[in-house]
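Each chain, letter by letter, is given below.
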Amino acid sequence: MITEQNLNMPLMKNNISRTDLDAVIAYLSQDDPPLTHSRQTLDFEREWSEWLGVKYSVFVNSGASANLLTMTALKEMFGPGEVIVPPLTWVSDIAAVLQNGYTPVFVDIDRRTLGMDTTHVLDKLNPNTRAVFITHILGYNALTQQLLDELEHRNIPLIEDVCESHGATFNGRKLGTFGLMSNFSFYYAHHMTTIEGGVICTNDRTVYETVRMLRSHGMVRESTLGEIRSSYITNHPDLNPDFIFAFPAYNMRPMRFGAVIGRSQLKRLDQNNKMRQRNLELFLSRLDPSKYQTDFAVEGSCNYAFTLVLNEPETALRDRVEHTLRQHGVEFRRGLSGGGNQLRQPYLRRIMGNEFELYPNVNHVHFFGWYIGNYPGLEEEKIEALCQRLNHL
Ligand SMILES: Cc1ncc(COP(=O)(O)O)c(C=O)c1O
C-alpha cells in the first residue's frame, strides 16, 4: 500500500526469484554435484552468447573482473599506451586501465547519453591510443556511427562496458556486440544477476583464448585451441604440460552455481527489460521538464534505474529533492553511475590533480544527478506519485 509518507522504493527488489533458487537447490541436490568444473558454465556462456549475438563469452566472478581481464588482454595483445575513458563510470573501469599500466585519457560526457561525447573522443585520438573504453551509462547507448566509423578507419579497438545496459541497442543491434570486447556485470542490482558475476564477450578467437587463460592463472590448458596448447608444450619441454603459465594472471573463475542462476534468469531477461523500458518512459513523461532533464537518449535504451538530473545547478532544489526522496522511502544514489566524477576520487586526485575541474557536464551530474531503482515489479502508481512529489518541489 502506498501511504503519503512511504513509497517504499528500494534500488532493486526481488531480483532473484523462487524459480532461480529452486534451480540451484535442484542442482545441489544431485548426487555429488560438480562444484568446480561443470557444463553449467559452458552452457551459460553459450546461451548468453546466443542472447547477445556474439561468438564467445567468458563467465567470471564480477563485472570488475571482466574490466580487469579485458584491459589485461588488451595489454597482452596490443602493448602499452593510452586508453580513452569517461570520468562518469565505475571505479573498476579506471582501476583496470591503471593496473595494466595504461595512461587514462579522459573526455567529458554528453548530457543526453551520459556517455563520452564523440567529438571530444575524436579530439583525443592519437597514434598512442590503444583503445576507446566506452561505458554505456544506466541503459543509455553511448555509441555514434561517427565514432564507430572513425575507430574502424584508424584501426583502434573499441571496448564496451555494458555492465549497466543489458539489452540496450544501437541501430537495433545489442550493445556489447560492437566492440572488440565487451563487459557485463551480473551483480544483484543489475538487469539480471548471478548474485556476483560478470562476463567478457567477443567475436575474436584470439581474445577468447587469451581471456580464458587469464581467468584461470594464465594457464595454457584453459585454451580451447590445440595449436595454442601444443605450441607452448613444444616450446617448453622442461615444463609439465598441465602447468604452463602463459601470463602473470589471476583466478577470476566464478562459482559454478552462479551459472545455474544465470541460465534461469536469462529466460526472463527480455520480459523484465520490457517492463523497465515502460517504467522509464512513464517516469520521464511525468517529470516537469522545466525543472528536470527529460531529453535523455531513450531510443534503444534499457535502464535498471531512473535518471533524475536537475536542468540547472540549483543547490536549494537539490536539497529539497534529497529530503523528499528520503522522506518518502525512495532509495537513491547521487552522482549517477559510480558516485559521479571519478576524477574527484582520492585515487585519481593523487595522480591527476585538479583535472576534475575540466569537465562541466560530468560535474553537473556529479552534484545535481541521481539514480533511483527501476525494477520490473515497480507499480505505475508509485512512479506517478513520485513524479508528482518531485514536480511540486
Ligand atoms: C559501469 C560498471 N562497470 C563495472 C562495474 C563492476 O561490476 P561488479 O559490481 O559486478 O564488479 C559496475 C558495477 O556496478 C558498473 O556499473
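Note that the coordinates shown come from a computational prediction; the quantities given were computed from them, not determined experimentally. (Residues numbered from 1 in each chain as written. Predicted model: local features only at pLDDT ≥ 70, side-chain atom pairs only at ≥ 80, totals over all residues. Heavy atoms only, no water.)

Novice: It is not clear to me how the packing of helix 1 (residues 18-28) against helix 9 (residues 256-286) should be interpreted in this structure. Could you clarify?
Specialist: Helix-helix packing is characterised by the crossing angle of the two axes and by the distance between the axes. At a minimum axis distance of 9 Å, the contact between helix 1 and helix 9 shows a crossing angle of 145 degrees. Remark: the crossing between helix 1 and helix 9 carries right-handed chirality. Contact residues: Thr19, Asp20, Ala23, Val24 and Tyr27 in helix 1; Phe257, Val260, Ile261, Ser264, Gln265 and Arg268 in helix 9. (Axes fitted to C-alpha atoms, helices over the stretch in contact; angles between N-to-C directions. Helix = DSSP H or I, 4+ residues; strand = E, 2+ residues; numbered from the N terminus. Left-handed = near helix turned anticlockwise from the far one by under 90°. Contact = heavy atoms within 4.5 Å.)

Novice: Looking at this structure, I do not really get the pairing of strand 12 (residues 369-373). What am I missing?
Specialist: Two faces, one strand: in a regular strand the side chains alternate between the faces of the sheet. Along strand 12, five of the five residues are buried, which leaves the element largely enclosed by surrounding structure. The sheet contact formed by strand 10 (residues 305-309) and strand 12 spans five bridges and is antiparallel. Across the sheet, Ala305 pairs through a bridge with Gly373, a residue of strand 12. Note: strand 11 (residues 332-334) against strand 12, three bridges, orientation antiparallel. Bridge pairing links Phe332 to Ile372 in strand 12. (Buried < 20%, exposed > 50% of the residue type's maximum accessible area, 1.4 Å probe, protein only. Pairing = 2+ DSSP bridges.)

Novice: Would you mind going over the packing of aromatic side chains with me for this structure?
Specialist: Within a pair of aromatic rings, the relevant descriptors are the distance that separates the centres and the angle that separates the planes. For the coordinates displayed, the defined rule picks out 13 aromatic pairs. Plain terms: the ring middles of Tyr56 and Tyr208 are 4.5 Å apart, the flat faces sit at 15 degrees to each other, and that makes the pair stacked. One end of the pair, Tyr56, is in strand 1 (residues 56-60); the other, Tyr208, is in helix 7 (residues 205-215), and 152 residues separate them in sequence. Classification of Tyr56 as buried rests on a relative accessible area of 18%. The structure contains a cluster of three or more aromatic residues connected by ring pairs, namely Phe44, Trp48, Trp51, Phe59, Phe184 and Phe186. Across from the ring centre of Phe178, 4.1 Å away, lies the NZ or CZ of Arg173, which sits over that ring. Its guanidinium or amino end placed over the ring of Phe243, Arg221 lies 5.3 Å from that ring's centre, counting from NZ or CZ. (Phe/Tyr/Trp six-rings, centres within 6.5 Å; stacked < 30°, edge-to-face > 60°. Lys NZ or Arg CZ within 6 Å of the ring centre and 35° of its normal.)

Novice: Mind showing me how you'd approach the side chain of Ser57 here?
Specialist: Secondary-structure assignment places Ser57 in strand 1. Looking at Ser57, its side chain comes within polar contact range of the side chain of Ser49, at 2.8 Å. Apart from residues lying up to four places away in sequence, Ser57 is in contact with Glu45, Trp48, Ser49, Val199, Ile200, Cys201 and Tyr208. (Polar contact = N/O pair within 3.5 Å; in protein donor to acceptor, adjacent residues only side chain to side chain.)

Novice: Sorry, what's going on with the site of the ligand here?
Specialist: Taken together, 15 residues surround the ligand, and among them Gly63, Ala64, Asp161, Glu164 and Ser185 come closest. Between a nitrogen atom of the ligand and a side-chain N or O atom of Asp161, the distance comes to 2.7 Å. Taken atom by atom, the bulk of the ligand overlaps the largest pocket. Where the shell around the ligand is concerned, the elements lending two or more residues are helix 3 (63-78) and helix 4 (91-99). Examining the composition of the shell around the ligand, we find that three residues originate from one element, helix 3, more than from any other. Of the residues belonging to the shell around the ligand, the class tally is four nonpolar, eight polar and three charged. (Near = heavy atom within 4 Å. 1 Å grid on protein atoms, 1.4 Å probe; cavity = no way out; pocket = protein on both sides within 12 Å on 5 of 7 lines; lining within 4 Å. Sits in = over half its atoms within 2 Å of the grid points. Nonpolar A, V, L, I, M, F, W, Y, C, P; charged D, E, K, R; others polar.)

Novice: Help me out: how do you make sense of empty space enclosed by the protein in this one?
Specialist: Leftover empty space is mapped by rolling, across the atoms, a probe with the size of a water molecule. Taken as a whole and judged by the stated rule, the model has one cavity of 30 Å³ or more. The computed volume of the largest cavity comes to approximately 30 Å³. Lining the largest cavity, in full, are Leu11, Met12, Ala189, Tyr304, Ala305, Tyr371 and Gly373. Each residue belonging to the lining of the largest cavity can be placed in one class, and the counts come to six nonpolar, one polar and no charged. (Points joined across faces, edges and corners; volume = space filled by probe spheres on them.)

Novice: What exactly am I supposed to notice about unusual backbone geometry here?
Specialist: Backbone phi values are negative for most residues with the exception of glycine, while trans is the configuration of most peptide bonds. Phi at Asp32 is positive, roughly 50 degrees, even though this residue is not glycine. Mapped onto the elements of the fold, Asp32 is located in the loop between helix 1 and helix 2 (39-52). The exposure class of Asp32 is exposed, given its relative accessible area of 70%.

Novice: Just to check I follow, could you spell out the environment of Leu287 for this structure?
Specialist: Mapped onto the fold, Leu287 is located in the loop between helix 9 and strand 10. The sequence separation of Leu287 and Glu384 amounts to 97 residues, and the corresponding C-alpha distance is 9.0 Å. Setting aside anything within four residues of it in sequence, one finds Leu287 in contact with Tyr292, Gln293, Thr294, Leu308, Cys387, Leu390 and Asn391.

Novice: I tried to follow the layout of surface pockets on my own but got confused; where do I start?
Specialist: A volume near 500 Å³ is recorded for the largest pocket. Around the largest pocket, the lining comprises 28 residues; the ones closest to its centre are Trp90, Glu164, Tyr187, His190 and Tyr304. Among the elements of the structure, helix 3, helix 4 and strand 11 are those that each provide at least two residues to the lining of the largest pocket. Looking at the lining of the largest pocket element by element, the count peaks at three residues for helix 3. Its residues assigned to classes, the lining of the largest pocket comprises ten nonpolar, twelve polar and six charged. Of the volumes computed, that of the second largest pocket is approximately 350 Å³. Ranked by residues supplied to the lining of the second largest pocket, first place goes to helix 6 (residues 145-154) with four residues.

Novice: What exactly am I supposed to notice about the nonpolar core here?
Specialist: Soluble globular proteins: nonpolar side chains tend toward being buried together. With 77 residues, the main nonpolar core has Phe283, Val321 and Leu390 as its most contacted residues. At six residues, helix 3 tops the list of elements feeding residues into this core. If we skip the residues at most four places from it in the chain, Phe283 touches Phe306, Thr307, Leu308, Ile383, Leu386, Cys387 and Leu390. Core analysis: the second largest hydrophobic core is formed by 36 residues, Trp48, Val162, Leu175 and Ala259 among them. (Core = buried A, V, L, I, M, F, W, Y, C linked by side-chain atoms within 4.5 Å.)

Novice: Teacher, can you tell me more about helix 6 here?
Specialist: Two residues of an α-helix separated by three or four positions point the same way, owing to the 3.6 residues in each turn. Among the residues of helix 6, those classed as buried are Leu147, Leu148 and Leu151. Buried residues of helix 6, viewed axially, fall in a sector of 100 degrees; they line one side. Two residues or fewer past helix 6, Asn155 is found with a positive phi of approximately 60 degrees. (Arc of directions from axis to C-beta.)

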